[in-house]
Amino acid sequence: MDDRARPTPLFTFGVIADIQYADIDDGYNYTRSRRRHYRSSLQLLGNAQRSWADSAVKPDFILQLGDIVDGFNKGHGASERALDTVLGAFGSGPGAAAVHHVWGNHELYNFRRSALLGSRLDTAPPRADGGPGADIYAYRFSPFPGFAFVVLDAYDVSLLGREESSEQYRSAMELIRQHNNNEDLNCPPELYGLQRRFTMFNGGFGKEQLDWLDSVLSSADEKRERVTIVSHLPVHPSSTDPICLAWNYDELLAIIQSHSSVVCFMAGHDHEGGYCQDKETGVHHLTLEGVIETPPDSNAFGTVSVYEDRMVLKGSGRIADRVFLFP
Ligand SMILES: Nc1ncnc2c1ncn2[C@@H]1O[C@H](COP(=O)(O)OP(=O)(O)O)[C@@H](O)[C@H]1O
(Lines give C-alpha, C1' and ligand atoms only; values in the text may rest on other atoms or scores of the structure.)
Protein backbone atom coordinates (compact mmCIF):
# COMPACT_ATOMS: atom_id res chain seq x y z
CA MET A 1 0.00 0.00 0.00
CA ASP A 2 1.46 3.41 -0.85
CA ASP A 3 1.27 6.40 1.52
CA ARG A 4 -1.83 7.87 -0.17
CA ALA A 5 -3.81 4.66 0.22
CA ARG A 6 -2.88 4.14 3.89
CA PRO A 7 -5.15 5.77 6.47
CA THR A 8 -3.80 8.41 8.83
CA PRO A 9 -1.68 6.81 11.56
CA LEU A 10 -2.92 6.78 15.14
CA PHE A 11 0.33 8.49 16.09
CA THR A 12 3.92 8.72 14.92
CA PHE A 13 7.30 8.94 16.62
CA GLY A 14 10.94 9.47 15.69
CA VAL A 15 13.88 7.21 16.51
CA ILE A 16 17.59 7.98 16.60
CA ALA A 17 20.55 6.20 18.25
CA ASP A 18 24.18 6.64 19.24
CA ILE A 19 24.71 10.29 18.30
CA GLN A 20 27.89 10.31 20.46
CA TYR A 21 28.52 13.99 19.79
CA ALA A 22 31.92 15.47 20.68
CA ASP A 23 33.65 18.54 19.32
CA ILE A 24 36.69 16.52 18.18
CA ASP A 25 38.10 15.29 14.87
CA ASP A 26 36.89 12.06 13.31
CA GLY A 27 38.26 8.83 14.76
CA TYR A 28 37.63 5.09 14.59
CA ASN A 29 35.96 2.34 16.56
CA TYR A 30 38.20 0.11 18.71
CA THR A 31 39.18 -2.26 15.89
CA ARG A 32 39.64 0.69 13.50
CA SER A 33 37.23 -0.90 11.04
CA ARG A 34 34.70 1.94 11.04
CA ARG A 35 35.08 5.71 11.04
CA ARG A 36 33.42 7.79 13.78
CA HIS A 37 32.20 11.27 12.85
CA TYR A 38 32.07 13.05 16.21
CA ARG A 39 31.34 16.57 14.94
CA SER A 40 29.08 15.83 12.02
CA SER A 41 26.86 13.64 14.21
CA LEU A 42 25.37 17.00 15.23
CA GLN A 43 24.53 17.87 11.61
CA LEU A 44 22.89 14.48 11.20
CA LEU A 45 20.77 15.13 14.28
CA GLY A 46 19.91 18.51 12.73
CA ASN A 47 18.80 16.73 9.52
CA ALA A 48 16.57 14.44 11.56
CA GLN A 49 15.12 17.30 13.54
CA ARG A 50 14.35 19.33 10.38
CA SER A 51 12.75 16.36 8.69
CA TRP A 52 10.53 15.71 11.74
CA ALA A 53 9.63 19.41 12.08
CA ASP A 54 8.78 19.74 8.35
CA SER A 55 6.79 16.52 7.99
CA ALA A 56 3.06 16.77 7.36
CA VAL A 57 2.34 14.52 10.34
CA LYS A 58 4.73 15.63 13.08
CA PRO A 59 6.01 12.96 15.44
CA ASP A 60 4.36 12.98 18.84
CA PHE A 61 7.69 12.19 20.50
CA ILE A 62 11.25 11.13 19.77
CA LEU A 63 13.06 8.11 21.20
CA GLN A 64 16.77 8.84 21.71
CA LEU A 65 18.15 5.34 22.20
CA GLY A 66 21.25 6.26 24.21
CA ASP A 67 24.88 7.41 23.86
CA ILE A 68 23.86 11.00 23.12
CA VAL A 69 27.39 12.37 23.83
CA ASP A 70 30.69 10.52 23.47
CA GLY A 71 32.87 9.42 26.39
CA PHE A 72 35.78 11.45 24.97
CA ASN A 73 34.02 14.59 26.24
CA LYS A 74 34.80 13.56 29.80
CA GLY A 75 38.58 13.69 29.23
CA HIS A 76 38.24 17.14 27.68
CA GLY A 77 36.14 18.48 30.56
CA ALA A 78 33.43 19.02 27.94
CA SER A 79 30.61 16.74 29.09
CA GLU A 80 28.13 19.49 30.04
CA ARG A 81 29.05 21.66 27.04
CA ALA A 82 28.56 18.77 24.62
CA LEU A 83 25.25 17.90 26.25
CA ASP A 84 24.07 21.53 25.99
CA THR A 85 24.97 21.51 22.29
CA VAL A 86 23.29 18.26 21.41
CA LEU A 87 20.16 18.95 23.47
CA GLY A 88 19.98 22.35 21.78
CA ALA A 89 19.97 20.58 18.42
CA PHE A 90 16.95 18.55 19.54
CA GLY A 91 15.07 21.84 19.67
CA SER A 92 12.91 23.24 22.40
CA GLY A 93 9.96 25.49 22.85
CA PRO A 94 6.47 25.23 21.40
CA GLY A 95 6.14 22.72 18.56
CA ALA A 96 9.27 20.69 19.44
CA ALA A 97 8.44 17.04 20.01
CA ALA A 98 9.10 15.66 23.49
CA VAL A 99 12.21 13.50 23.64
CA HIS A 100 12.44 10.30 25.69
CA HIS A 101 16.08 9.72 26.55
CA VAL A 102 17.48 6.21 27.06
CA TRP A 103 20.80 5.88 28.92
CA GLY A 104 23.78 4.09 27.35
CA ASN A 105 27.37 3.46 28.38
CA HIS A 106 28.50 6.87 27.09
CA GLU A 107 26.02 8.71 29.35
CA LEU A 108 27.74 6.85 32.20
CA TYR A 109 31.27 7.64 30.96
CA ASN A 110 30.32 11.33 31.18
CA PHE A 111 28.07 11.48 34.24
CA ARG A 112 27.60 9.52 37.45
CA ARG A 113 24.24 7.82 37.74
CA SER A 114 23.39 10.05 40.69
CA ALA A 115 24.01 13.13 38.49
CA LEU A 116 21.89 11.74 35.64
CA LEU A 117 18.91 11.16 37.92
CA GLY A 118 16.79 14.31 37.82
CA SER A 119 18.94 15.79 35.00
CA ARG A 120 17.83 16.85 31.52
CA LEU A 121 18.50 13.27 30.39
CA ASP A 122 15.99 11.95 32.93
CA THR A 123 12.64 11.98 31.15
CA ALA A 124 10.88 9.61 33.55
CA PRO A 125 7.75 10.84 35.29
CA PRO A 126 8.13 11.58 39.02
CA ARG A 127 9.48 8.48 40.77
CA ALA A 128 6.36 8.15 42.90
CA ASP A 129 4.46 7.08 39.76
CA GLY A 130 5.15 3.37 40.17
CA GLY A 131 8.70 3.06 38.80
CA PRO A 132 10.88 0.08 39.70
CA GLY A 133 13.16 1.72 42.32
CA ALA A 134 14.59 5.09 43.23
CA ASP A 135 17.85 4.86 41.28
CA ILE A 136 16.73 2.65 38.40
CA TYR A 137 16.02 4.60 35.24
CA ALA A 138 13.05 2.69 33.85
CA TYR A 139 9.53 3.88 33.20
CA ARG A 140 6.35 3.35 31.21
CA PHE A 141 4.44 5.92 29.19
CA SER A 142 1.37 5.72 27.02
CA PRO A 143 1.25 8.20 24.13
CA PHE A 144 -2.06 6.90 22.80
CA PRO A 145 -4.85 4.76 24.28
CA GLY A 146 -4.04 1.08 23.84
CA PHE A 147 -0.29 1.65 23.29
CA ALA A 148 2.51 1.78 25.83
CA PHE A 149 6.28 2.21 25.76
CA VAL A 150 8.65 0.93 28.40
CA VAL A 151 12.09 2.54 28.75
CA LEU A 152 14.56 0.11 30.34
CA ASP A 153 17.80 0.67 32.24
CA ALA A 154 20.33 -1.73 30.69
CA TYR A 155 23.12 -0.48 33.02
CA ASP A 156 21.19 -1.15 36.21
CA VAL A 157 23.68 -3.92 37.11
CA SER A 158 26.90 -2.42 35.85
CA LEU A 159 30.47 -1.39 36.53
CA LEU A 160 29.61 1.99 34.96
CA GLY A 161 27.99 4.78 36.94
CA ARG A 162 27.33 2.69 40.06
CA GLU A 163 29.21 3.37 43.30
CA GLU A 164 31.76 0.64 44.00
CA SER A 165 30.09 0.09 47.36
CA SER A 166 26.68 -0.56 45.77
CA GLU A 167 25.03 -3.95 45.56
CA GLN A 168 24.63 -3.53 41.80
CA TYR A 169 28.37 -2.88 41.31
CA ARG A 170 29.24 -5.92 43.43
CA SER A 171 26.91 -8.22 41.49
CA ALA A 172 28.17 -6.79 38.19
CA MET A 173 31.77 -7.52 39.19
CA GLU A 174 30.87 -11.03 40.36
CA LEU A 175 29.04 -11.80 37.12
CA ILE A 176 31.63 -10.40 34.74
CA ARG A 177 34.47 -12.14 36.66
CA GLN A 178 32.69 -15.49 36.22
CA HIS A 179 32.95 -15.07 32.46
CA ASN A 180 35.87 -12.75 31.75
CA ASN A 181 39.42 -13.32 33.06
CA ASN A 182 41.00 -10.46 31.15
CA GLU A 183 42.78 -7.72 33.02
CA ASP A 184 41.06 -5.21 30.75
CA LEU A 185 37.37 -5.92 31.25
CA ASN A 186 36.49 -4.05 28.06
CA CYS A 187 38.27 -6.86 26.21
CA PRO A 188 35.79 -9.67 25.48
CA PRO A 189 36.60 -13.12 26.93
CA GLU A 190 36.37 -14.94 23.61
CA LEU A 191 36.71 -14.21 19.93
CA TYR A 192 33.32 -15.60 18.92
CA GLY A 193 29.92 -16.34 20.37
CA LEU A 194 27.54 -15.13 23.02
CA GLN A 195 30.19 -15.03 25.77
CA ARG A 196 31.60 -11.92 24.12
CA ARG A 197 28.83 -9.88 25.76
CA PHE A 198 30.64 -10.06 29.11
CA THR A 199 32.51 -6.79 28.81
CA MET A 200 32.45 -3.65 30.92
CA PHE A 201 30.78 -1.57 28.20
CA ASN A 202 27.66 -3.73 28.58
CA GLY A 203 25.45 -4.27 31.60
CA GLY A 204 22.29 -5.96 32.76
CA PHE A 205 18.85 -5.67 34.32
CA GLY A 206 18.54 -6.27 38.07
CA LYS A 207 15.84 -8.36 39.74
CA GLU A 208 13.86 -5.34 40.95
CA GLN A 209 13.66 -4.00 37.39
CA LEU A 210 12.76 -7.41 35.93
CA ASP A 211 9.98 -7.86 38.51
CA TRP A 212 8.70 -4.37 37.74
CA LEU A 213 8.73 -5.08 33.99
CA ASP A 214 6.88 -8.34 34.58
CA SER A 215 4.12 -6.52 36.48
CA VAL A 216 3.89 -3.70 33.91
CA LEU A 217 3.49 -6.30 31.16
CA SER A 218 0.88 -8.27 33.15
CA SER A 219 -1.23 -5.16 33.42
CA ALA A 220 -0.67 -4.42 29.70
CA ASP A 221 -1.76 -8.00 28.85
CA GLU A 222 -4.99 -7.46 30.79
CA LYS A 223 -5.67 -4.16 29.01
CA ARG A 224 -4.70 -5.71 25.65
CA GLU A 225 -2.16 -2.94 25.10
CA ARG A 226 0.56 -3.05 22.45
CA VAL A 227 3.90 -2.53 24.18
CA THR A 228 7.20 -1.40 22.66
CA ILE A 229 10.23 -1.83 24.93
CA VAL A 230 13.28 0.40 24.44
CA SER A 231 16.76 -0.09 25.89
CA HIS A 232 20.28 0.93 24.90
CA LEU A 233 21.35 -2.72 24.76
CA PRO A 234 19.70 -5.22 22.41
CA VAL A 235 18.42 -8.49 23.90
CA HIS A 236 17.94 -10.77 20.90
CA PRO A 237 21.09 -12.56 19.65
CA SER A 238 19.81 -12.43 16.07
CA SER A 239 19.32 -8.65 16.16
CA THR A 240 22.92 -7.68 16.95
CA ASP A 241 26.57 -8.68 17.08
CA PRO A 242 26.66 -10.64 20.38
CA ILE A 243 29.39 -8.32 21.69
CA CYS A 244 26.60 -5.72 22.16
CA LEU A 245 24.03 -7.94 23.94
CA ALA A 246 22.79 -7.21 27.47
CA TRP A 247 24.42 -9.60 29.95
CA ASN A 248 21.10 -11.21 31.00
CA TYR A 249 19.39 -10.88 27.65
CA ASP A 250 17.93 -14.37 28.17
CA GLU A 251 16.00 -13.29 31.27
CA LEU A 252 14.54 -10.37 29.35
CA LEU A 253 13.51 -12.64 26.46
CA ALA A 254 11.88 -15.06 28.91
CA ILE A 255 9.79 -12.24 30.40
CA ILE A 256 8.73 -11.03 26.95
CA GLN A 257 7.77 -14.58 26.03
CA SER A 258 5.57 -14.93 29.12
CA HIS A 259 3.38 -12.00 28.06
CA SER A 260 1.16 -11.32 25.07
CA SER A 261 1.46 -7.52 25.01
CA VAL A 262 4.98 -6.90 23.63
CA VAL A 263 5.14 -6.14 19.90
CA CYS A 264 8.57 -4.60 19.46
CA PHE A 265 11.94 -4.14 21.18
CA MET A 266 14.13 -1.23 20.05
CA ALA A 267 17.79 -0.72 20.93
CA GLY A 268 20.97 1.04 19.87
CA HIS A 269 24.62 0.31 20.88
CA ASP A 270 25.50 -1.85 17.84
CA HIS A 271 26.25 0.90 15.32
CA GLU A 272 25.87 -1.50 12.41
CA GLY A 273 22.25 -2.10 13.33
CA GLY A 274 20.24 -5.29 13.05
CA TYR A 275 16.77 -6.75 12.94
CA CYS A 276 14.97 -10.01 13.54
CA GLN A 277 11.48 -11.20 14.29
CA ASP A 278 11.51 -13.68 17.15
CA LYS A 279 10.20 -17.01 15.82
CA GLU A 280 8.29 -17.98 18.95
CA THR A 281 6.77 -14.68 20.03
CA GLY A 282 6.60 -12.77 16.74
CA VAL A 283 8.14 -9.78 18.55
CA HIS A 284 10.18 -7.49 16.30
CA HIS A 285 13.69 -6.72 17.54
CA LEU A 286 15.18 -3.64 15.92
CA THR A 287 18.71 -2.39 16.57
CA LEU A 288 19.05 1.04 15.04
CA GLU A 289 22.18 1.98 13.07
CA GLY A 290 24.24 4.56 14.99
CA VAL A 291 24.56 8.19 13.90
CA ILE A 292 28.23 8.30 14.99
CA GLU A 293 29.32 5.82 12.32
CA THR A 294 27.21 7.34 9.57
CA PRO A 295 29.05 9.42 6.93
CA PRO A 296 28.19 13.15 6.86
CA ASP A 297 26.50 12.81 3.45
CA SER A 298 24.07 10.16 4.70
CA ASN A 299 21.59 9.94 7.56
CA ALA A 300 20.54 7.63 10.40
CA PHE A 301 17.08 8.30 11.79
CA GLY A 302 13.63 6.90 11.37
CA THR A 303 10.00 7.88 11.68
CA VAL A 304 7.53 5.26 12.85
CA SER A 305 3.84 5.47 11.98
CA VAL A 306 1.60 3.42 14.24
CA TYR A 307 -1.65 1.81 13.06
CA GLU A 308 -4.10 -0.61 14.67
CA ASP A 309 -2.34 -3.66 13.25
CA ARG A 310 1.24 -2.55 12.53
CA MET A 311 4.03 -0.03 12.86
CA VAL A 312 5.68 1.26 9.70
CA LEU A 313 9.28 2.45 9.98
CA LYS A 314 10.32 4.97 7.34
CA GLY A 315 14.09 5.02 7.48
CA SER A 316 16.39 7.75 6.31
CA GLY A 317 19.91 7.15 4.94
CA ARG A 318 21.32 3.97 6.45
CA ILE A 319 18.06 2.99 8.16
CA ALA A 320 15.95 0.55 6.11
CA ASP A 321 12.18 0.88 5.72
CA ARG A 322 10.41 -1.88 7.64
CA VAL A 323 6.89 -2.99 8.48
CA PHE A 324 6.27 -4.50 11.92
CA LEU A 325 2.99 -6.42 11.79
CA PHE A 326 1.74 -6.94 15.34
CA PRO A 327 2.07 -10.57 16.41
N1 LIG B 1 37.71 -5.40 21.86
C2 LIG B 1 38.04 -4.50 22.77
N3 LIG B 1 39.08 -4.69 23.59
C4 LIG B 1 39.43 -3.78 24.54
N5 LIG B 1 38.75 -2.65 24.74
C6 LIG B 1 37.70 -2.39 23.95
C7 LIG B 1 37.29 -3.29 22.92
N8 LIG B 1 36.19 -2.77 22.30
C9 LIG B 1 35.95 -1.58 22.91
N10 LIG B 1 36.85 -1.35 23.88
C11 LIG B 1 36.90 -0.18 24.76
O12 LIG B 1 35.65 -0.13 25.44
C13 LIG B 1 35.17 1.20 25.58
C14 LIG B 1 33.83 1.31 24.92
O15 LIG B 1 33.98 1.06 23.56
P16 LIG B 1 33.30 1.98 22.51
O17 LIG B 1 33.65 1.44 21.17
O18 LIG B 1 33.59 3.42 22.81
O19 LIG B 1 31.77 1.69 22.84
P20 LIG B 1 30.55 2.14 21.95
O21 LIG B 1 30.44 1.12 20.86
O22 LIG B 1 29.42 2.14 22.91
O23 LIG B 1 30.90 3.48 21.40
C24 LIG B 1 36.24 2.08 24.94
O25 LIG B 1 37.10 2.54 25.97
C26 LIG B 1 36.97 1.14 24.01
O27 LIG B 1 38.31 1.52 23.81
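This report concerns the structure included in the present document. Treat the numbers as computed from the prediction; the structure is a model and nothing was measured.

Rules of the game
- Residues numbered from 1 in each chain as written.
- Predicted model: local features only at pLDDT ≥ 70, side-chain atom pairs only at ≥ 80, totals over all residues.
- Near = placed C-beta within 6 Å.
- Nonpolar A, V, L, I, M, F, W, Y, C, P; charged D, E, K, R; others polar.
- Pairing = 2+ DSSP bridges.
- Helix = DSSP H or I, 4+ residues; strand = E, 2+ residues; numbered from the N terminus.
- Axes fitted to C-alpha atoms, helices over the stretch in contact; angles between N-to-C directions.
- Contact = placed C-beta atoms within 7 Å.
- Expected span 1.5 Å × (residues − 1).
- Buried ≥ 20, exposed ≤ 12 C-beta atoms within 10 Å, placed from the backbone.
- Arc of directions from axis to C-beta.

**Some points on the site of the ligand**
Neighbouring the ligand are Asn29, Tyr30, Asp67, Gly71, Asn105, His106, Asp184, Asn186, Cys187, Pro188, Phe201 and His269. Residue composition of the shell around the ligand, grouped by class: four nonpolar, six polar and two charged.

**Observations concerning the sheet that holds strand E11 (residues 284-287)**
Remark on secondary structure: sheet strands pair via backbone hydrogen bonds, oriented parallel or antiparallel. Strand order in the open sheet formed by six strands is E6-E7-E8-E9-E11-E10, with mixed pairing between adjacent strands. The strands lining the two open edges of the sheet, one partner per strand, are strand E6 (139-144) and strand E10 (274-277). Averaged over all pairs of adjacent strands, the angle between their axes in this sheet comes to 15°, without regard to strand direction. In the sheet, E6 pairs with strand E7 (residues 147-151) via four bridges, with the strands oriented antiparallel. Bridge assignment links arginine 140 to a residue of E7, and that residue is valine 150. In the packing of helix H7 (residues 207-223) onto the sheet, the strands contacted are E6, E7, strand E8 (226-230) and strand E9 (262-267), and the crossing angle to E7 comes to about 175°.

**Notes on the environment of isoleucine 256**
Among the secondary structure elements, isoleucine 256 is positioned in helix H8 (residues 249-257). In this structure the C-alpha to C-alpha distance between isoleucine 256 and tryptophan 52, which are 204 residues apart in sequence, comes to 31 Å. If we ignore the near neighbours within four places in the chain, the residues touching isoleucine 256 are Val262, Thr281 and Val283.

**Points about helix H1 (residues 40-54)**
The terminal C-alpha atoms of H1 lie 21 Å apart, and with 15 residues this matches the ideal 21 Å at 1.5 Å per residue to within 8%. Those residues of H1 that fall on the buried side of the exposure criterion are Ser41, Leu42, Leu44, Leu45, Ala48 and Trp52. Angularly, the buried residues of H1 cover 160° about the axis, an arc narrow enough to put them on a single face. Projecting away from the buried face of H1 at angles above 90 degrees are the exposed residues Arg50 and Asp54. Where the residues of H1 are buried, they touch strand E1 (11-16), helix H3 (79-89) and strand E12 (300-306).

**Some remarks on unusual backbone geometry**
With phi around 50°, aspartate 18 is a residue other than glycine that occupies positive phi space. Among the secondary structure elements, aspartate 18 is positioned in the loop between E1 and strand E2 (27-28). In the Ramachandran plot, histidine 269 falls in the positive-phi region, its phi being about 80° despite a non-glycine side chain. Position of histidine 269 relative to the elements: it lies in the loop between E9 and E10.

Treat this as a map of the structure, not an account of what it does.
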